[in-house]
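# Overview (structure and organization)
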Amino acid sequence: SPRVVIIGAGIVGTNLADELVSRGWNDITVVEQGPLGMPGGSTSHAPGLVFQTNSSKTMSDFARYTVSKLLSLKEDGQSCFNQVGGLEVATTPERLEELKRKRGWASSWKIETRILSTDECLEMYPLLDRDSVLGGLHIPTDGLALAARAVQLLIKRTTKAGVRYLEMTPVTDIERSGGRVTGVTTSKGSIPADIVVSCAGFWGVEIGAMVGLPIPLLPLAHQYVKTSSLQVLAAPNKASNGAHLPILRHQDQDLYYREHGDRYGIGYYGHRPMPVVAASLGNTPENVSEEHMPSRLEFTPEDFQPAWEASQKLLPILRDAEITDGFNGIFSFTPDGGPIVGQHPTLDGFYVAEAVWVTHSAGVAKAVAELLTSGRSETDLADCDLARFEEVQLAPAYVSETSQQNFVEVYDILHPMQPKASPRDLRVTPFHARQQELGAVFLESRAWERPQWFEANAELLDDLPDQWRPVDRDVWSARFHSLIVAVEAWKTRTAVAMYDMTPLKRLEVHGPGAGEMLQRLTTSDVLANSKLATYTLLLDNKGGIRSDVMVARLDDESFHVGVFSPVAMDYLLREARQQSRRDGPRWVQVRDVTGGTCSIGLWGPLAVEVMKATNSIDIAGLPQHGFCEAFISGVPVLAIRLSHVGELGWEIYTSAEFGQRLWDVLWAAGQSYGVVAAGRGAMNSLRMEKGFRDWGSDMTTEHDPYEAGLGHLVDVTKQSFVGKEALVGRSERTSSRRLRTLTIDDGKSMVLGKEPVFHEGRPVGYVTSAAFAYTIRKPIAYAHLPGHILNGAFVELEYFGRLIWATVTDNPLTNVPARRERP
Ligand code: FAD
């Protein structure tokens, strides 16, 4: 097996060693700068509360795996998990609603939970203040990880299996040659390696710097205290760290609680963010103790004062106690709260698994071990992929601001559409000024400003035919939404609209080996037709969908490739680099041209009239998926006849300096045809009506093309492509689950995504996308459902605790003829 060096013997590094051993790898060295008995990182003082439920399926899956693993990790009959359950209490009506939403996620991710009344909360947790608590969410399988003990047992178990552990051995450099890691340099010499995985926790930035890899995490101090002993806890908790009550969260005040025998432990996120530079902490001492370790800073009692008052209110028993021990403990925060997992983009064999909570540690380690040993993780990694950040998001100032914001918001109630308040306007498209003139309401994604709708279209609300009028929304689903979206949908289906498609990534794939590479990586024959672009899929080696892509062959050695995420771009860049190294003359270069170019989707039944009005006859005559390079009123463009909304039209690309002129030319030509600017609100609705899938929600690496209803994109006659072997014998007919469209029966109840779907009372799936379908005047949703749930079946969706009936339909509403009306 390959030689592996793992940096860091915290909960992540030791779990990774264990997961690799269990997969048969046997040449593993774990290098730790501190003493192995207590290495001094975040794990050494982690109180270990494990609340499994998260808005992310991936994170919840990681947590569930961590719980099961720690339960099975035993010595002397005692496991490393005290499954006391979890209780999250609400002290405000908003939080009570939020807990119902959270219960929905839990059902979606197969975690058992129950909403409790005030009485039930008090029955379960008699120390709570009855007057404060409005209700709660109980999660019976949550509990306390004995993280430091788990590390010791994992070290013992893996040492027996042959893993070498080196303590008091800081890694000072990463050795490399020819684009690959070759080893690590330590204070005690060099260790050769084929694979190096940094599990260095909040020291990850320093390790990343050794290989020129910006790691977007910020170490922040977080307060944790222990109280004096309390009689009421002493009797039930004999052991000094024992606990019998559920772990408790009081998120309205940024607080959480556990018992340490007869004392309470209290963690607080309500204080000011306190960033730390790991490099400034100095060397780890030879003798780390509970009180002295690099990840533990001096307590600042004034920051804790509000927490103590709020705690005494929620748990009146604390009025008899005092704080006897406190510290400001350091751990990692990231711009979006997710961990950082993946391979260096240009240094093969160098991986990271950082910014990981104890809660997710074994799950992350399993995923990394799968990635290393089989090339893919069973769990989709998009939410934690190192490659998910765009370059601008790696800037230290961006990482610092957004990670601090993430600390502040860690227990807040966040709407799924809620954009960052700051930093904003980092990336604007060449149409920005025009969009502002039209009153664009911008949301933010990957630092791009993207119009959601345009206030200028409000004047058309009076013209909106009755059958296009939206229904009233509840307060939650009405946030970040406007009635104007209906106007933009109507205009797209009946006249013509302009969409800013610039933020979708565009790549130039170029070189003598470009065609060969794309042919190898995609499910379709992308070379078959030089006049048509190909909508196709990138799969992993088990047939999971890495991304959908649009490929246009501009000439024998040059391709325009549209991808939908930086993760897919990272994959193509890596493949190109590796092919170029392997096969010199068949080199390939992948260039991200997104920022230097821009794109307009001109879509609608009258789009062709607009195109003719610009005298762009070549473009106007293109067949479906046909493309050409041409001029529109003197602006050099590449146009592909395709749409994301299921209407006639083109995606039109030009370089950034021509963007505004392109917008103006199309806008002027469109005036006679009632053109509007339209935003992503309309686009999401229209694409769902027509059955278009979004990568990252409707399809991920956990789905194959047949499950996603995209079997028609798989060319089984093609000689070979990545993932082909795994698909042998599979088909839409044999899939055990399929992506289905659900129409909401009452015609008005909205869902937003991630809600659980029940069939005959049993959870069978979750909503991947949702929208109001204006064309049929009903809300719709997508969900992957078991194959036995047939068309016409009734299912229920749970939205804030309320059940909503929906009907399963086979294919989307593609057969619904779009209504064509002249403006
Ligand atoms: P660490 O435990 O920090 O391990 C990284 C190791 O790498 C360290 O031992 C370090 O010495 C070593 N290392 C670093 N650089 C080098 C180098 N150059 N050479 C060799 N070795 C190196 N999480 C939860 O899930 N639940 C909780 O209730 C919880 N409570 C918390 C409370 C506090 C006060 C704090 C601070 C954190 C809490 N966390 C909690 C977070 C959790 O503790 C961490 O996210 C987790 O322990 C990180 O594990 P790790 O293995 O990645 O990092």
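Model, not experiment: these values are computed from the prediction. (Residues numbered from 1 in each chain as written. Predicted model: local features only at pLDDT ≥ 70, side-chain atom pairs only at ≥ 80, totals over all residues. Heavy atoms only, no water.)

### Some remarks on the overall build of the protein
A tally of helices and strands in the protein yields 20 helices and 43 strands. Computed over C-alpha atoms, the radius of gyration of the protein comes to 28 Å, within 12% of the 28 Å expected from 2.2 N^0.38 for 823 residues, which places it in the range of a compact globule. Its C-alpha atoms put the protein at 85 × 65 × 50 Å along the principal axes. Buried residues in the protein amount to 60% of all 823 residues. In the protein, 72% of the contacts between residues at least 6 apart in sequence involve partners at least 24 apart. Roughly 30700 Å² of accessible area belongs to the protein as shown, and the carbon and sulfur atoms make up 50% of that amount. Taken together, the 81 basic and 99 acidic charged side chains of the protein have centroids lying 5 Å from each other. (Helix = DSSP H or I, 4+ residues; strand = E, 2+ residues; numbered from the N terminus. Rg over C-alpha atoms; globule rule 2.2 N^0.38 Å. Buried < 20%, exposed > 50% of the residue type's maximum accessible area, 1.4 Å probe, protein only. Contact = heavy atoms within 4.5 Å. Areas by Shrake-Rupley, 256 points an atom, 1.4 Å probe, with all protein chains shown as cover. Lys, Arg positive; Asp, Glu negative; His and termini not counted. Charge placed at Lys NZ, Arg CZ, Asp CG, Glu CD.)

### Overview of the sheet that holds strand S12 (residues 171-177)
One open sheet holds the three strands; their spatial order is S12-S13-S14, and the pairing between them is antiparallel. Taken across any chain shown, the strands that pair with only one partner, and hence form the sheet edges, are S12 and strand S14 (189-192). If you compare each strand with its neighbour and ignore which way they point, the axes differ by 30 degrees on average. (Pairing = 2+ DSSP bridges. Axes fitted to C-alpha atoms, helices over the stretch in contact; angles between N-to-C directions.)

### Quick look at the site of the ligand
Near the ligand there are 35 residues, and of these Glu32, Thr43, Leu49, Val356 and Thr359 occur at the shortest range. Here an oxygen atom of the ligand and a backbone polar atom of serine 42 are 2.9 Å apart. The protein chains hide 97% of the 1000 Å² of surface that the ligand would expose on its own. When contributions to the shell around the ligand are tallied by element, the ones reaching two or more residues are helix H1 (11-22), strand S16 (218-227) and strand S22 (323-333). Considering each element in turn, the shell around the ligand owes the most residues, three residues, to S22. Residue composition of the shell around the ligand, by class: 21 nonpolar, 13 polar and one charged. (Near = heavy atom within 4 Å. Polar contact = N/O pair within 3.5 Å; in protein donor to acceptor, adjacent residues only side chain to side chain. Nonpolar A, V, L, I, M, F, W, Y, C, P; charged D, E, K, R; others polar.)

### So, unusual backbone geometry
Across the junction of serine 422 and proline 423, the peptide omega takes the value -5 degrees, indicating a cis bond. Tracing the chain through its elements places proline 423 in the loop between helix H10 (396-408) and helix H11 (432-437). With a phi close to 45 degrees, arginine 446 is a non-glycine residue in the positive phi region. By the secondary structure assignment, arginine 446 is in the loop between strand S25 (440-445) and strand S26 (448-454). Arginine 446 sits in the partly exposed class, given a relative accessible area of 27%. Non-glycine residue arginine 777 carries a positive phi angle of around 55 degrees. Along the polypeptide, arginine 777 turns up in the loop between strand S40 (762-773) and strand S41 (778-786). For arginine 777, a relative accessible area of 34% translates into the label partly exposed.

### Observations regarding the side chain of arginine 388
You can see arginine 388 is positioned in the loop between helix H9 (361-374) and H10. Look at arginine 388 and you get buried, because its relative accessible area is 10%. At 3.0 Å, the side chain of arginine 388 and the backbone oxygen of proline 339 are in polar contact. Excluding its chain neighbours within four sequence positions, the residues that come into contact with arginine 388 are Thr334, Asp336, Gly338, Pro339, Ile340, Ala382, Asp383, Gln393, Arg446, Pro566 and Val567.

### Quick word on the confidence of the model for the protein
Predicted coordinates in regions of low pLDDT should not be interpreted in detail. Overall, the predicted model of the protein reaches an average pLDDT of 96, with 98% of residues at or above 70. Reported confidences for the modelled complex are a pTM of 0.97 and an ipTM of 1.00. (pLDDT = per-residue confidence, 0-100.)

### Things to note about the state of the cysteines
Going through the model one piece at a time under the given rule, you end up with zero disulfides. Of all cysteine sulfurs in the structure, the one in cysteine 199 sits closest to cysteine 80, which takes part in no disulfide; the separation is 18 Å. Exposure remark for cysteine 80: the relative accessible area of 0% places this residue in the buried category. Just so you know, cysteine 384 is unpaired, no disulfide at all, and the nearest cysteine sulfur is the one on cysteine 199, 13 Å from it. The class of cysteine 384 is buried, set by a relative accessible area of 0%. (Disulfide = S-S within 2.5 Å.)

### Focus on the packing of aromatic side chains
Applying the stated criterion to the full structure yields 21 aromatic pairs. Ring geometry for tyrosine 269 versus tyrosine 411: centroids 5.1 Å apart, planes at 75 degrees, classification edge-to-face. Linking tyrosine 269 in the loop between strand S19 (263-268) and strand S20 (274-275) with tyrosine 411 in the loop between H10 and H11, this pair joins segments that are 142 residues apart in sequence. The two residues tyrosine 269 and tyrosine 411 agree in class, both being buried. (Phe/Tyr/Trp six-rings, centres within 6.5 Å; stacked < 30°, edge-to-face > 60°.)

### Concerning the side chain of glutamate 689
Relative to the helices and strands, glutamate 689 is located in helix H19 (residues 680-689). Side-chain polar atoms of glutamate 689 contact the side chain of arginine 493, separated by 2.8 Å.

### Concerning the layout of surface pockets
Taken as a whole, the second largest pocket spans an internal volume of roughly 740 Å³. Along its surface, the second largest pocket is lined by 30 residues, and Leu371, Gly375, Arg376, Arg546 and Tyr571 are the ones closest to its centre. Breaking the lining of the second largest pocket down by element, the ones donating at least two residues are strand S23 (340-343), H9 and helix H15 (566-582). In terms of residue class, the lining of the second largest pocket is made up of 14 nonpolar, eight polar and eight charged. (1 Å grid on protein atoms, 1.4 Å probe; cavity = no way out; pocket = protein on both sides within 12 Å on 5 of 7 lines; lining within 4 Å. Points joined across faces, edges and corners; volume = space filled by probe spheres on them.)

### Notes on empty space enclosed by the protein
Following the criterion strictly, the structure yields two cavities of 30 Å³ or more and no others. Within this model, the largest cavity holds a volume of roughly 70 Å³. If you trace the largest cavity, you find it lined by Arg450, Pro451, Tyr499, Asp500, Met501, Pro503, Ala678, Gly679, Arg680 and Met683. Along the lines of polarity and charge, the residues of the lining of the largest cavity split into six nonpolar, one polar and three charged.

### Quick word on the sheet that holds strand S10 (residues 143-145)
Strand order in the open sheet formed by three strands is S3-S10-S6, and the pairing between neighbours is antiparallel. In this open sheet, the two edge strands, each paired with only one partner strand, are strand S3 (49-50) and strand S6 (81-82). By the bridge criterion, two bridges tie S6 to S10 in an arrangement that is antiparallel. Its bridge partner being in S10, phenylalanine 81 is matched across the sheet by alanine 145.

### Topic: the pattern of salt bridges
A complete count under the given rule lists 46 salt bridges for this structure. Across the salt bridge formed by arginine 434 and aspartate 664, the nearest N and O atoms sit 2.6 Å from each other. Highlighted residues: arginine 434 in helix H11 and aspartate 664 in helix H18 (residues 659-670), separated in sequence by 230 residues. A salt bridge links glutamate 575 to arginine 520; its shortest N-O distance comes to 3.0 Å. (Salt bridge = Lys/Arg side-chain N within 4 Å of Asp/Glu carboxyl O.)

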